[in-house]
Amino acid sequence: SNGEKKAEIYYSHLKYDRKILPRYYLLGFFRYERNKLSGYNYRLALSFGGGGTLIKTNNVDFTTELAFGFNNENNTTRVEVNLNNSSSIWKETINASFISSLFTGKLSYKISDTSKIVHQETVFLNTEDFEDFRINSVSSLYSSINSMLALKASIQIVYQNLPVEGYKNTDMFFLSSLVIKI
């Protein structure tokens, strides 16, 4: 890379599922993302919805989720806010916020008692501008360390239909993660 940054993304996702029927659940999640190389100082999301397991066998699970939420984004092309004027900060925060929806489909295949392959497709839609959508495709390999911890290696492709001006609309990431199950 000759000293030039090619990738730097910070991402955190906290999700809670509450089973209401054997195959159906309610969900809530909070997400934070920072990806300056895609033009975002930050993205925040707080969403609520539901999901269900459509197929469940010994080795295969197929689930879908639908959620609606509140999003706030700050991109690198926005003008700096006057920090001495709290009404200006509030106005900029509201102007950068929107209501969104997301739909997810996830297919899991159990390889063994300690490993599985997962492919997930997620569509994020800005309900205030239907041309503003993102599609995230993630393929992962999980390997359990114990009942609460797993290692995860993934490839993720993110397509954004309306990227921040001056930035490309498709990113690809190779990720390694520690998954904590509570």
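Just so you know, these numbers come straight off a predicted model, no measurement behind them. (Residues numbered from 1 in each chain as written. Predicted model: local features only at pLDDT ≥ 70, side-chain atom pairs only at ≥ 80, totals over all residues. Heavy atoms only, no water.)

This brings us to the sheet that holds strand E8 (residues 149–160). Pairing between sheet strands relies on hydrogen bonds along the backbone, with the strands arranged either parallel or antiparallel. On the basis of which strands lie adjacent, the open sheet formed by 9 strands has the order E1-E2-E3-E4-E5-E6-E7-E8-E9 and antiparallel pairing. With one partner strand each, in any of the chains shown, strand E1 (10–21) and strand E9 (170–180) form the two edges of the open sheet. Taking the axes of each pair of neighbouring strands and ignoring which way they run, one obtains an average angle of 20° across the sheet. With 11 bridges connecting them, E8 and E9 associate as antiparallel partners. Along E9, the bridge assignment pairs Ala-150 with Val-179. (Pairing = 2+ DSSP bridges. Helix = DSSP H or I, 4+ residues; strand = E, 2+ residues; numbered from the N terminus. Axes fitted to C-alpha atoms, helices over the stretch in contact; angles between N-to-C directions.)

What the rule picks out here adds up to 8 salt bridges. A salt bridge links Lys-15 to Asp-17; the shortest N-O distance between them is 3.7 Å. On the basis of relative accessible area, Asp-17 is assigned to the partly exposed category, the value being 39%. With a shortest N-O distance of 2.5 Å, Glu-65 and Lys-15 are connected by a salt bridge. With Glu-65 in strand E4 (residues 60–75) and Lys-15 in strand E1, the pair connects residues that are 50 residues apart, well separated along the chain. Judged by its relative accessible area of 13%, Glu-65 falls in the buried class. (Salt bridge = Lys/Arg side-chain N within 4 Å of Asp/Glu carboxyl O. Buried < 20%, exposed > 50% of the residue type's maximum accessible area, 1.4 Å probe, protein only.)

A cluster of nonpolar side chains, namely Ile-145, Leu-151, Leu-178, Ile-180 and Ile-182, defines an oily patch on the protein surface of about 590 Å² accessible area. Structurally, Leu-151 can be placed in strand E8. (Patch = residues over 30% accessible without salt bridge, like charges linked within 9 Å, V, L, I, M, F, W, Y side chains within 5 Å. Areas by Shrake-Rupley, 256 points an atom, 1.4 Å probe, with all protein chains shown as cover.)

To continue, consider the side chain of Ser-108. Within the secondary structure, Ser-108 is located in strand E5 (residues 97–112). Beyond its immediate chain neighbours, meaning those up to four positions away, Ser-108 contacts Asn-59, Val-60, Asp-61, Ile-117 and Val-118. (Contact = heavy atoms within 4.5 Å.)

Moving on, we come to the packing of aromatic side chains. Applying the stated rule across the entire model yields 1 aromatic pair. For the pair Phe-133 and Tyr-159, a centre-to-centre distance of 6.2 Å together with 45° between the ring planes defines the contact as tilted. Here Phe-133, found in strand E7 (residues 133–144), pairs with Tyr-159, found in strand E8; they are 26 residues apart in sequence, far enough to count as distant. With a relative accessible area of 23%, Phe-133 lands in the partly exposed category. The residue whose ring lies beneath Lys-116 is Tyr-142, and the NZ or CZ to ring-centre distance is 4.9 Å. The ring of Phe-124 has Arg-134 sitting right over it, with the charged end atom 4.6 Å from the ring centre. (Phe/Tyr/Trp six-rings, centres within 6.5 Å; stacked < 30°, edge-to-face > 60°. Lys NZ or Arg CZ within 6 Å of the ring centre and 35° of its normal.)

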